[in-house]
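The residues making up each chain are set out below.
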Amino acid sequence: MADYPAATQRARVRVPLRFNDGYSVNAELVTFHGLTDGQEHVAVVLGDPAPGTLPLVRLHSECLTGDVFGSARCDCGPQLREAVERIADRGGVLLYLRQEGRGIGLYNKLDAYALQDQGLDTYEANAALGLPEDARDYTAAAQMLRALGIDELDLLSNNPDKAEQLRGLDVTVRDRVPTGVFSTAHNVRYLRAKVLHTQHTLPLGELTELNAG
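Small disclaimer: the values here were computed from a predicted structure and weren't measured.

**Q** Let's hear about unusual backbone geometry: which residues, and what values?
**A** For arginine 102, which is not glycine, the phi torsion reads 55 degrees and is therefore positive. On the basis of relative accessibility, which here comes to 12%, the residue arginine 102 falls in the buried class.

Rendered as structure tokens:
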């Protein structure tokens, strides 16, 4: 059994969410005491699961460039927008985790972007900077889920590592539900790298055709 301390809910506040495309939904934001990494992660509680239905959960790593500024170099902003609506429809939680750049931080992520402009992919750029390909640890996410009373869920993610880490932290992931494919001319190499390096469930053939074009 995984050994990590329990976290507790700190505060809950209702917040109406509004997106640029006109979609709106009411959410409840939850903050926590006792998270192991000391970061200010937030749970966004959306909708109510039907009786006998597991909550739909997404672990969304913070991305200032994509979530806030709409950068086309990644698919983070569209994934966030999609996740909020899908979770609200089904009932569940989006965990907004302060793990910029797969855990390496904003400045390092921008340094990695500069190396990508020279031909490296996103994982090779991290390695060239002496950083891990993916530095994220989901212990705090498991703490948040437990504090919310969630120990079994369906996970909205293309990333198998998220499901594997949660299961290793004694959270039951019944199913991993793929997100949409949000490819652009600017992020197709990034998406291909996620398939090739970390086995994300994305259509490699389709991304290869886009990259070739």
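**Q** Help me get a handle on the pattern of salt bridges, residues and values and all.
**A** When the charged atoms of two side chains with opposite charge come close together, those side chains can pair. Taken as a whole, this structure holds 10 salt bridges when the rule is applied. With its nearest N and O atoms 2.8 Å apart, the salt bridge here joins arginine 81 to aspartate 21. Of the two residues, arginine 81 is situated in helix 2 (residues 76–90) and aspartate 21 in the loop between strand 1 (8–18) and strand 2 (24–33); the sequence distance between them amounts to 60 residues. Through salt bridges that share partners, Asp21, Arg81 and Glu85 make up one connected network.

**Q** So, the sheet that holds strand 6 (residues 152–156): which residues are in play, and what are the values?
**A** Spatially, 7 strands are ordered 1-2-3-5-4-6-7 in an open sheet, and the strand pairing comes out mixed. In the strand order of this sheet, the two ends are held by strand 1 and strand 7 (172–177), each with one partner. For this sheet the average axis-to-axis angle between neighbouring strands, irrespective of direction, equals 30 degrees. Of the strand pairs in this sheet, strand 3 (residues 42–46) and strand 5 (residues 92–97) are connected by 5 bridges, and their pairing is antiparallel. Note on strand 5: the bridge partner recorded for valine 45 is valine 93. Seen against the sheet, helix 5 (residues 139–147) touches strand 1, strand 2, strand 3, strand 4 (56–61), strand 5 and strand 6 and runs at an angle of roughly 145 degrees to strand 5.

**Q** An account of the packing of aromatic side chains is needed here, citing residue identities and associated values.
**A** Counted under the stated rule, the structure contains 1 aromatic pair. For the pair phenylalanine 19 and tyrosine 23, a centre-to-centre distance of 6.1 Å together with 40 degrees between the ring planes defines the contact as tilted. A cation over a ring is seen here: arginine 81 above phenylalanine 19, with NZ or CZ 5.5 Å from the ring centre. Above the plane of the ring of tyrosine 123 lies arginine 102, whose end atom (NZ or CZ) is 4.3 Å from the centre.

**Q** Break down the environment of arginine 174 for me, citing the residues and quoting the values.
**A** Looking at where arginine 174 falls in the secondary structure, it is placed in strand 7. Accessibility expressed as a relative area gives 52% for arginine 174, which makes it exposed. Along the primary structure arginine 174 and leucine 153 are separated by 21 residues, whereas in three dimensions their C-alpha atoms are 6.0 Å apart. Residue contacts for arginine 174: discarding those within four places in its chain leaves Leu54, Arg90, Leu153 and Asp154. Here aspartate 154 takes part through its side chain, which lies 2.6 Å from a polar atom of the side chain of arginine 174.

So, how was this worked out
Residues numbered from 1 in each chain as written. Predicted model: local features only at pLDDT ≥ 70, side-chain atom pairs only at ≥ 80, totals over all residues. Heavy atoms only, no water. Buried < 20%, exposed > 50% of the residue type's maximum accessible area, 1.4 Å probe, protein only. Salt bridge = Lys/Arg side-chain N within 4 Å of Asp/Glu carboxyl O. Helix = DSSP H or I, 4+ residues; strand = E, 2+ residues; numbered from the N terminus. Pairing = 2+ DSSP bridges. Axes fitted to C-alpha atoms, helices over the stretch in contact; angles between N-to-C directions. Contact = heavy atoms within 4.5 Å. Phe/Tyr/Trp six-rings, centres within 6.5 Å; stacked < 30°, edge-to-face > 60°. Lys NZ or Arg CZ within 6 Å of the ring centre and 35° of its normal. Polar contact = N/O pair within 3.5 Å; in protein donor to acceptor, adjacent residues only side chain to side chain.

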